[in-house]
Amino acid sequence: MSRPTGPPTNGTFLGMPAVPPRSPYGTGHLRGTRKFPEAARDELGNEQLRRNLGRATRTIRGKRLDATGELPDWERLRDAGAAIKSDTMNRLPELLEQLERKVTEHGGTVHWARDGVEANEIVARLVKDTGSDEVLKVKSMATQEIGLNEHLESEGITAYETDLAELIVQLAGDQPSHILVPAIHRNRDEIREIFLREIPGVDPGLDTVPAHLAAAARAYLREKFMTARVAVSGANFGIAETGTLSVVESEGNGRMCLTLPETLITVMGIEKVLPRFADLEVFLQLLPRSSTGERMNPYTSMWTGVTPGDGPQDFHLVLLDNGRTAALADRVGREALNCIRCSACLNVCPVYERTGGHAYGSVYPGPIGAVLTPQLAGMHGTDHDPNSSLPYASSLCGACFDACPVKIDIPSLLVELRHQHTEESGTTAEALAMKAAAAVMKRPKLFTAAQRTAGLGRVLAGRSGTFSRLPAPFSGWSDSRDTPAPPAQSFRSWLASAEGAATMRAAAAEGARHPDDDAPEGS
Amino acid sequence: MRIGLFATCLGDTLFPEAVKSTAVLLARLGHDVVFPPEQTCCGQMHVNTGYQREPVPLVRNFAEQFGDPSIEAVVMPSGSCAGSVRHQHEIVAERYGDAGLRTGVAAVKAKTYELSEFLVDVLGVTDVGAYFPHRVTYHPTCHSLRMLRVGEKPLRLLRAVEDIRLVELPEAEACCGFGGTFAVKNAATSSAMLRDKMDHITGTGAEVCTAGDSSCLMHIGGGLSRIRSGTRTLHLAQILSSTRTSPHVLAEATR
């Protein structure tokens, strides 16, 4: 795309850019190294991964349906969530300024980061100012997005993930493959092996009982909790009205990070702001039921600035853009910013279920990732950008739309992004084929002639009447599917034939004998 | 009732039996079936693949062909094409069309139906007098299910078929993996989805898997044929148009 932050240009722009900036190319984890179809093909070959994913997503799908089904007003809650989010996006600047004012009033410090580079620099500087060379991490998508851990490491600061699944991924030197369950692609045996290999002094007799695995992680983390002086978190919600930040989690490790260290630094995507404290009532119902299938998440932590003698005495909020205003500026695409990162769309997506998250190359995988990633980081039509393949990583089955707690119409957004991509890709073989097909189909005479030519395909198909091998680009299709040869006669030529006319006359005669079949309002 | 039949480009060219069955069924129910001869394609493939400029003439042609006010309803044997007309034509017209196109599209949209919703909602029939003495499983296609919300309507029609043995398809609402150009662009993922769908279908022991979209059936049927499963695919209209006096011959099911 011809965006100012595209890979070929690093020019300086004076004044307001015509298009809001995207996340910078090459920074953070919003772009993989390979296009989706190739990456997916490799992941599909991993039988263990598919079994792990299939089992996990099936379980969580069932739990979500139970948890949402028991609320008589679930649909109205979804409507409320969508309405609050749309309202928020429509007046984002004023709400963010209000949030800044309130956080500052309560003793916090607010920093504004245009992109991941700025956010990383701000956090690294704040950590260094404390004199510490290590930080505890609360599971956070925003810091994953900008590659904060890697940046801190390059600055000599070690980041320790404290969320159990995030810790597994970090210890394994792996990438997360799910928004909520980063280690969804790993099973207990694999986790045991990772712990035995990576946790110093772990009991060599460790078995695969989940409670024992959790206990091993807890023992490892406990020491960190007691000694660390700085923590970095994300935020699920930031309340403009009060300046309150909130993180919801399952294990309580996040709360340890949020309360024990002296300094707390929160990196929050600007779209996470909510207007009023009372809005939490809606989202604290929508989020846990959609994400883990629970009525309520076990730990909800909230903090407002600093409180003398209680909790961190130094609080910083880094407000992260990183492509969000670019998404906001897109009339159609801005709806994607309503996402509350519940991951319900991942768990119902038949594509995600089979490929896992790594194939998407972004910290935001699955259906919402396929929409959000290209919006935040752009998709460059002409230079084989992996992000340009993401809008096509969907069969448009619509399950994600049905599952989304804030009713984001992901299939329509995917179709819109596909349109934006083809508009910027110029003349490709596919575009020419599409033009040619439209040219034939808009002229009925040409279309009829083409049908007759198609009928000749019967000769090529031979006696079996089917094609078992088709040329590129259809060879992937014919790898697992037979294709019927076109019939000798199209429907329209049958209808125009004596046989067709006779059949329709006979059917009409039968219809005339049963006039009662017609419903009163239908005739 | 005067019904405009939209054959769909795929149905007209590759699966004429499904369209014939639709035409015959509607005529048998006492309706006047007209086939505007200049009709071609709804443009769904273009829009879903990311092309909204190219299908403008197709959208215009559709609106013109079926815009005739004497046509009371436009019926098609495809949930995805009905979804395209109802949800995508507006997007295309809004972006690239003139006021005339936008008006035309809105007028046709209001009277467009997929076959099962037309039978149940508009005509108010569930028993169409069909006879089909076979073991059948039904796959609800994604666009019928989630774009049109046809729900139980196709199943209500099938349950009323004489001598049919309807067997439930496990994980029926999961996508079969077709997705139009998705099956070509992401062939490996599409095939993995198809494999699971086929396992569920063959597991039911059904002789026939039916659905309301020839495109999904082309995908599923192509896979079932490749693994020599013995299970056929038939469009819902072909089962509903089969009667005691002119039964569908299953031996010819795959044509």
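In every chain, residue numbers begin from 1 and rise along the written sequence. Key to labels: chains lettered from A, ligands numbered from 1, both in the order written. Only residues with pLDDT of 70 or above have their local features reported here, since the model is predicted, and side-chain atom pairs are shown and tallied only from 80 upward, although totals for entire chains, interfaces and linings are computed over all residues. Working from all heavy atoms in the structure, the side-chain values ignore hydrogens and water.

**Q** Explain the overall build of chain A to me, using residue names and the numbers behind them.
**A** Helix and strand assignments follow DSSP, with helices taken as H or I runs no shorter than four residues and strands as E runs no shorter than two, numbered in order from the N terminus. The helix and strand inventory of chain A stands at 24 helices and twelve strands. Overall size of chain A, expressed as C-alpha extent along the three principal axes, is 95 × 60 × 55 Å. Using a 1.4 Å probe on the protein chains alone, a residue whose accessible area is under 20% of its type maximum counts as buried, one over 50% counts as exposed, and one in between counts as partly exposed. Evaluated residue by residue, chain A yields a buried proportion of 56% over its 523 residues. Any two residues whose heavy atoms approach within 4.5 Å at even a single point are treated as in contact. Contacts in chain A between residues at least 24 apart in sequence constitute 73% of all its contacts with a sequence separation of at least 6.

**Q** Report on the interface of chain A and chain B, specifying residues and quantitative values.
**A** With 73 residues of chain A at the interface, the matching set in chain B holds 77 residues. We define buried area as the total accessible area lost by two parts upon association, computed with a 1.4 Å probe and summed across both. Approximately 6300 Å² of surface area, both sides summed, lies buried where chain A meets chain B, with 58% of it carried by carbon and sulfur atoms. We define a salt bridge as a contact between a side-chain nitrogen of Lys or Arg and a carboxyl oxygen of Asp or Glu at a distance within 4 Å. On inspection of chain A and its partner chain B, the count reaches eleven salt bridges. Between K185 of chain B and E430 of chain A there is a salt bridge, with its nearest N and O atoms 2.5 Å apart. Polar contact is the term for a pair of N or O atoms within 3.5 Å; when the atoms are in protein, one must be able to donate a hydrogen and the other to accept it, and sequence-neighboring residues count only if both atoms are side-chain atoms. Taken together, the links from chain A to chain B amount to 34 residue pairs in polar contact (both at pLDDT 80 or more). With seven residues, the single largest contributor to the side of chain A that touches chain B is helix α19 (residues 429-441) of chain A. Among the residues making up the side of chain A that touches chain B, the classes are represented as 35 nonpolar, 18 polar and 20 charged. Throughout this entry, Asp, Glu, Lys and Arg are counted as charged residues, while Ala, Val, Leu, Ile, Met, Phe, Trp, Tyr, Cys and Pro are counted as nonpolar. The remaining residues, Gly among them, count as polar.

**Q** Quick rundown of the UniProt feature "domain: Lactate utilization protein B C-terminal" (unreviewed entry) in chain A? Include the residues and the values.
**A** Sequence positions flagged by UniProt for "domain: Lactate utilization protein B C-terminal" (unreviewed entry) are, in local numbering, residues 424-496 of chain A. End C-alpha to end C-alpha, residues 424-496 of chain A measures 43 Å, and it is 58% helix and 5% strand. UniProt positions are given in the numbering used here, feature names are shortened, and annotations may be inferred rather than shown by experiment.

**Q** Report on the packing of helix α24 (residues 498-513) of chain A against helix α2 (residues 16-28) of chain B, specifying residues and quantitative values.
**A** The angle between two axes is taken between their N-to-C directions and runs from 0 to 180 degrees, where each axis is a line fitted to C-alpha atoms and a helix contributes only its stretch in contact. Between α24 of chain A and α2 of chain B, the shortest axis-to-axis distance is 7 Å and the interhelical angle comes to 30°. Accordingly, the angle class assigned to the pair α24 of chain A and α2 of chain B is roughly parallel. Facing α24 of chain A, whose interface residues are T503, M504, A507, A508, E510 and G511 of chain A, α2 of chain B presents A23, V24, A27 and R28 of chain B. When grouped by side-chain class, the residues that make up the contact of α24 of chain A with α2 of chain B number six nonpolar, two polar and two charged. For this classification, under 35 degrees means roughly parallel, over 145 means roughly antiparallel, 65 to 115 means roughly perpendicular, and everything else is oblique.

**Q** So what's going on with the nonpolar core? Residues and values would help.
**A** Residues F195, F283, L317 and I368 of chain A are the most contacted members of the largest nonpolar core, which totals 118 residues. Core analysis: the next-biggest nonpolar cluster, separate from the first, contains 30 residues, V75, V125, I164 and L236 of chain B among them. Here the nonpolar core consists of buried residues drawn from Ala, Val, Leu, Ile, Met, Phe, Trp, Tyr and Cys, with membership extended through side-chain atoms lying within 4.5 Å.

**Q** Can you explain the pairing of strand β5 (residues 135-138) of chain B? Please cite residues and give values.
**A** All names here are of chain B. With three bridges joining them, β5 and strand β6 (residues 165-167) adopt parallel strand pairing. Considered in β6, the bridge of T137 is made with V167. We call two strands paired when DSSP finds no fewer than two bridges between them. When β5 meets strand β7 (residues 208-211), the two strands line up parallel, connected through three bridges. Paired with T137 across the strands is C209, a residue of β7.

**Q** Mind laying out the pattern of salt bridges, listing which residues take part and the relevant values?
**A** Going through the model one piece at a time under the given rule, you end up with 47 salt bridges over all chains. For the salt bridge of R91 of chain A with E94 of chain A, the shortest nitrogen-to-oxygen distance reads 2.9 Å. Under the relative-accessibility criterion, E94 of chain A is labelled partly exposed at 47%. Across the pair D402 of chain A and R149 of chain B runs a salt bridge whose closest N-O atoms are separated by 2.7 Å. In this pair, D402 of chain A is assigned in helix α17 (residues 399-403) and R149 of chain B in the loop between α8 (142-147) and α9 (153-159), connecting two distinct chains. By relative accessible area, which is 45% here, R149 of chain B ends up partly exposed.

**Q** Describe the UniProt feature "domain: Cysteine-rich" (unreviewed entry) in chain B, naming the residues involved and giving the relevant values.
**A** Per the UniProt annotation, the sites labelled "domain: Cysteine-rich" (unreviewed entry) are residues 4-85 and 136-220 of chain B. As annotated, residues 136-220 of chain B comprises 48% helix and 12% strand, and the C-alpha atoms at either end are separated by 15 Å.

**Q** Before we move on, could you go through the environment of L460 of chain A and cite the residues and values that matter?
**A** Note on placement: L460 of chain A falls in helix α21 (residues 457-461). In this structure the C-alpha to C-alpha distance between L460 of chain A and A485 of chain A, which are 25 residues apart in sequence, comes to 8.2 Å.

**Q** Tell me about the domain arrangement of chain B, and name the residues and values.
**A** All names here are of chain B. Partitioning chain B into structural domains gives domain 1 (2-122) and domain 2 (135-241). Just so you know, the domain bounds were taken from an automatic or database domain assignment. With centres defined by C-alpha atoms, the gap from domain 1 to domain 2 works out at 22 Å. Taken residue by residue, the interface counts 28 residues in domain 1 and 22 residues in domain 2. Both faces combined, the contact of domain 1 with domain 2 buries some 2000 Å², and carbon together with sulfur accounts for 66% of it. Contact with domain 2 buries surface across domain 1, with S21, S116 and V120 losing the most and accounting together for 20% of the total. Where domain 1 touches domain 2, the interface holds one salt bridge. Put simply, D121 and K153 hold a salt bridge, and the shortest N to O gap is 2.9 Å. For the pair domain 1 and domain 2, the number of links is nine residue pairs in polar contact (both at pLDDT 80 or more). Secondary structure elements with two or more residues in the side of domain 1 that touches domain 2: α2, α3 (44-49), α5 (79-96) and α7 (115-122). Top element by residues in the side of domain 1 that touches domain 2 is α5. It accounts for seven residues.

**Q** Now, about the environment of G131 of chain A: what can you tell me, with residues and values included?
**A** Residues and elements named next belong to chain A. With respect to the secondary-structure elements, G131 resides in the loop between α5 (116-130) and β2 (134-137). Classification of G131 as exposed rests on a relative accessible area of 60%. A C-alpha to C-alpha distance of 46 Å links G131 and A403, two positions 272 residues apart in sequence.

**Q** Got a sec to walk through the packing of aromatic side chains? Specific residues and values, please.
**A** Residues and elements named next belong to chain A. Each Phe, Tyr or Trp ring, with Trp reduced to its six-membered ring, pairs with another whose centre is within 6.5 Å; inter-plane angles below 30 degrees give stacked pairs, above 60 give edge-to-face pairs, and intermediate values give tilted ones. Per the counting criterion, the structure on display carries eleven aromatic pairs over all chains. Centre to centre, the rings of F237 and F283 are 5.9 Å apart; their planes meet at 45°, and the pair counts as tilted. Remark: F283 occurs in helix α12 (residues 280-291) and F237 occurs in strand β5 (residues 237-239); sequence separation between them is 46 residues. Note on accessibility: F237 and F283 belong to one class, buried.

**Q** Any chance you could break down the side chain of R61 of chain A for me, citing the residues and the numbers?
**A** Of note, R61 of chain A is situated in helix α2 (residues 47-69). Discounting chain neighbours no more than four positions away, the residues touching R61 of chain A are N347, V348 and E353 of chain A together with E171 of chain B.

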